[in-house]
Number of protein chains: 2
Amino acid sequence: MPTRTAAQRRAEARTVFDAAFADCPSRRLMERIGEKWVALLLTRLADGPRRHGDLRRSVPGVSQKMLTQTLRGLERDGLVRRSVTAGVPARVDYALTPLGESLLPVLAAVSAWADRHMADIDAARAAHGEPARSGSAGAGG
Amino acid sequence: MPTRTAAQRRAEARTVFDAAFADCPSRRLMERIGEKWVALLLTRLADGPRRHGDLRRSVPGVSQKMLTQTLRGLERDGLVRRSVTAGVPARVDYALTPLGESLLPVLAAVSAWADRHMADIDAARAAHGEPARSGSAGAGG
DNA sequence: CGGCATCCTACAAGATACTG
DNA sequence: CAGTATCTTGTAGGATGCCG
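Residues numbered from 1 in each chain as written. Chains lettered and ligands numbered in written order. Predicted model: local features only at pLDDT ≥ 70, side-chain atom pairs only at ≥ 80, totals over all residues. Heavy atoms only, no water.

Caption draft 1: Structural view of the overall build of chain A. On a plain count of helices and strands, chain A comes out with six helices and three strands. Going from N to C terminus, chain A has its helices and strands arranged as α-α-α-β-α-α-β-β-α. Per-residue burial for chain A yields a buried fraction of 40% across its 141 residues. Summarising the internal contacts of chain A: among those between residues at least 6 apart in sequence, 44% fall at separations of at least 24. Counting every atom, chain A has about 7500 Å² of accessible surface; 54% of that belongs to carbon and sulfur. (Helix = DSSP H or I, 4+ residues; strand = E, 2+ residues; numbered from the N terminus. Buried < 20%, exposed > 50% of the residue type's maximum accessible area, 1.4 Å probe, protein only. Contact = heavy atoms within 4.5 Å. Areas by Shrake-Rupley, 256 points an atom, 1.4 Å probe, with all protein chains shown as cover.)

Below you can see the structure in the form of structure tokens.
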């Protein structure tokens, strides 16, 4: 019986990997803004502060849980500011911080490339036998 | 008893949501480049064509499966071109297509923001009680 | 050398119900 | 209205073994 189990070796390798790779700032940023609702919410907030329920209605499909979870994550990362106004019922507003606003151009760059070239990707995919999803609507958020 | 159950209404809402949301080009692009190895591989290929094993060695932590899977996905989407040279052993090269190259500036924008502001995110996270991962190494890819 | 198939695990995302 | 807690599940990612 070896001194280390397979699981232990895996865990160690994972640690080494994390140290070398997770530091990569791009990767970490990707993991943030790649979360399903992040980009959507940040662009919604670009127009100004919004209330919880307001955001929820403006983003079809988001669950109450994911909305709170995502917003709290963004708040924790300093991209969004959460302000509570006591009362019954309580009122909660979310707004972009300057840091969050500084991220908007990056999201815009992504959006711009997507608007210009996503059709090319669909075409390439179709050429490979996939039925592509005919994505032509420009919900450029 | 209503004609539609709650589950049915949810399923319908989901369908509507998918149609309205999955089309969003930004979201779809995010899902592509947000894949764990995509950005890393594309930037590695920015320098020129690379062999499979070459790429594998240059990206610590990537498994053979994920390397092939990711590259094939990129090939399917027209971002990468795969060329096989018969022989024993076979030789496989991967190179960016023009479409793939056009994506590099976007990745660069993400990387640039990350390099400039990821420390701010870490600071914000630390201020919220999280022990942050002290990401200071600049593996800017 | 490159690639495929199989099995497995971890985690993001969602459904649901309850609190204040 | 806003949020929390719990349970379930789809799927990305990874480990391993075999093939041309």
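Text resumes after the structure shown.
Caption draft 2: The arrangement of the pattern of salt bridges in detail. Overall, the coordinates contain 16 salt bridges over all chains when judged by the stated rule. Put simply, A:Arg27 and A:Glu31 hold a salt bridge, and the shortest N to O gap is 3.5 Å. Of the two residues, A:Arg27 and A:Glu31 are both situated in helix 2 (residues 25-33); the distance of four residues between them amounts to about one turn of the helix. Using a relative accessible area of 9% as the deciding quantity, one classes A:Arg27 as buried. Put simply, B:Glu35 and B:Arg32 hold a salt bridge, and the shortest N to O gap is 3.1 Å. The class of B:Glu35 is partly exposed, set by a relative accessible area of 33%. Linked through salt bridges whose partners overlap, the residues forming this network are A:Arg32, A:Glu35, A:Arg76, A:Asp77 and B:Arg125. (Salt bridge = Lys/Arg side-chain N within 4 Å of Asp/Glu carboxyl O.)

Caption draft 3: Just the confidence of the model for chain A, in detail. A residue-level look at chain A finds 76% of positions with pLDDT of 70 or above and a mean pLDDT of 83. With pLDDT under 50 throughout, residues 1-7 of chain A is counted as low confidence; its partners more than four residues away or in other chains account for three contacts. (pLDDT = per-residue confidence, 0-100.)

Caption draft 4: The arrangement of the protein's contact with DNA strand D in detail. The environment of DNA strand D is made up of 19 residues, and the closest members are A:His52, A:Gly53, A:Arg82, B:Lys36 and B:Lys65. The share of sugar and phosphate among atoms of DNA strand D within 4 Å of the protein is 66%. Measuring from a phosphate oxygen of DNA strand D, one finds a side-chain N or O atom of A:Arg51 at 3.1 Å. Between A:Arg82 and DNA strand D, the recorded distance is 2.7 Å, taken from a side-chain N or O atom to a phosphate oxygen. (Near = heavy atom within 4 Å. Polar contact = N/O pair within 3.5 Å; in protein donor to acceptor, adjacent residues only side chain to side chain.)

Caption draft 5: A look at the sheet that holds strand 2 (residues 80-85) of chain B. Residue and element names in this part refer to chain B. The strand order across the open sheet built from three strands is 1-3-2, with neighbouring strands paired in antiparallel fashion. The open sheet has two edge strands with one neighbour each: strand 1 (50-51) and strand 2. In terms of strand pairing, strand 1 meets strand 3 (residues 91-96) through two bridges, oriented antiparallel. When the bridges of strand 3 are listed, Arg50 appears paired with Tyr94. Sitting on the sheet, helix 3 (residues 38-45) touches strand 1, strand 2 and strand 3, and the angle it makes with strand 3 is about 95 degrees. Lying on the sheet, helix 5 (residues 64-76) is in contact with strand 2 and strand 3; it crosses strand 2 at an angle near 115 degrees. (Pairing = 2+ DSSP bridges. Axes fitted to C-alpha atoms, helices over the stretch in contact; angles between N-to-C directions.)

Caption draft 6: The arrangement of the sheet that holds strand 1 (residues 50-51) of chain A in detail. Overall, antiparallel pairing links the three strands, which are arranged 1-3-2 (chain A) in an open sheet. Each edge of the open sheet is held by one strand with a lone partner, namely strand 1 and strand 2 (80-85) of chain A.

Caption draft 7: Main features of the packing of helix 3 (residues 38-45) of chain A against helix 6 (residues 98-127) of chain A. Residues and elements named next belong to chain A. Across the interface, helix 3 lies against helix 6 with an axial gap of 10 Å and an inter-helix angle of 120 degrees. When the axis of helix 3 is compared with that of helix 6, the two are oblique. For the crossing formed where helix 3 meets helix 6, the hand is left-handed. Taking contact as the criterion, the partners of Ala39, Leu42 and Thr43 in helix 3 are, on helix 6, Leu103, Leu104 and Leu107. Each residue belonging to the contact of helix 3 with helix 6 can be placed in one class, and the counts come to five nonpolar, one polar and no charged. (Parallel < 35°, antiparallel > 145°, perpendicular 65-115°, else oblique. Left-handed = near helix turned anticlockwise from the far one by under 90°. Nonpolar A, V, L, I, M, F, W, Y, C, P; charged D, E, K, R; others polar.)

Caption draft 8: A look at helix 2 of chain A. Summarising burial for helix 2 of chain A: eight of the nine residues are buried, a large majority. All of the buried residues in helix 2 of chain A are A:Pro25, A:Ser26, A:Arg27, A:Arg28, A:Leu29, A:Met30, A:Arg32 and A:Ile33.

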